Amino acid sequence: MRSPMLRLPRCSEISERLSEFLDDELDDETRHEIALHLAMCEGCAQLATELAATVHALHTLRARRADGVDVGLT
């Protein structure tokens with residue numbers, strides 16, 4: 001149940017929950033609060049963008065490695 005007063009998380013809380021947010025592992029209320037914070041905070045939005053790009057790159061490397069492509073990692 002949504003509380004009548006929306007509580008926006010602090011930047012430190014955002015950085016701790018970004019992985020869960022990007023992986024869609026949060027309840028709707030928490031997800032909404034984080035999305036609002038990201039819409040208003042350029043620093044956290046940039047961090048979310050960088051983390052999403054890193055995760056995407058790692059998934060791409062993992063997929064290429066699984067396909068037998070030498071990605072230069074040991």
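The following refers to the structure shown.

Where helix 1 (residues 11–22) contacts helix 2 (residues 28–40), the axes come no closer than 11 Å and their chain directions differ by 120°. On the basis of the axis angle, helix 1 is oblique to helix 2. The handedness of the crossing between helix 1 and helix 2 comes out as left-handed. The segment helix 1 lies against helix 2, with C11, I14, R17, L18 and F21 engaging T30, R31, I34, A35, H37 and L38. Per-class residue counts for the contact of helix 1 with helix 2 are 7 nonpolar, 2 polar and 2 charged.

Before going further, it helps to examine the pattern of salt bridges. Counted by the stated rule, this structure contains 2 salt bridges. Residues R17 and E20 are paired through a salt bridge, measuring 2.6 Å at the closest nitrogen-oxygen approach. Residue R17 and its partner E20 are located together in helix 1, separated by 3 residues, close to a single helical turn. The exposure class of R17 is partly exposed, given its relative accessible area of 30%. Since its relative accessible area comes to 27%, E20 is described here as partly exposed. One salt bridge in this structure joins R31 and D24, with 3.4 Å as the shortest N-O distance. A relative accessible area of 27% means that R31 is categorised as partly exposed.

Criteria and cut-off values
- Residues numbered from 1 in each chain as written.
- Predicted model: local features only at pLDDT ≥ 70, side-chain atom pairs only at ≥ 80, totals over all residues.
- Heavy atoms only, no water.
- Axes fitted to C-alpha atoms, helices over the stretch in contact; angles between N-to-C directions.
- Helix = DSSP H or I, 4+ residues; strand = E, 2+ residues; numbered from the N terminus.
- Parallel < 35°, antiparallel > 145°, perpendicular 65-115°, else oblique.
- Left-handed = near helix turned anticlockwise from the far one by under 90°.
- Contact = heavy atoms within 4.5 Å.
- Nonpolar A, V, L, I, M, F, W, Y, C, P; charged D, E, K, R; others polar.
- Salt bridge = Lys/Arg side-chain N within 4 Å of Asp/Glu carboxyl O.
- Buried < 20%, exposed > 50% of the residue type's maximum accessible area, 1.4 Å probe, protein only.

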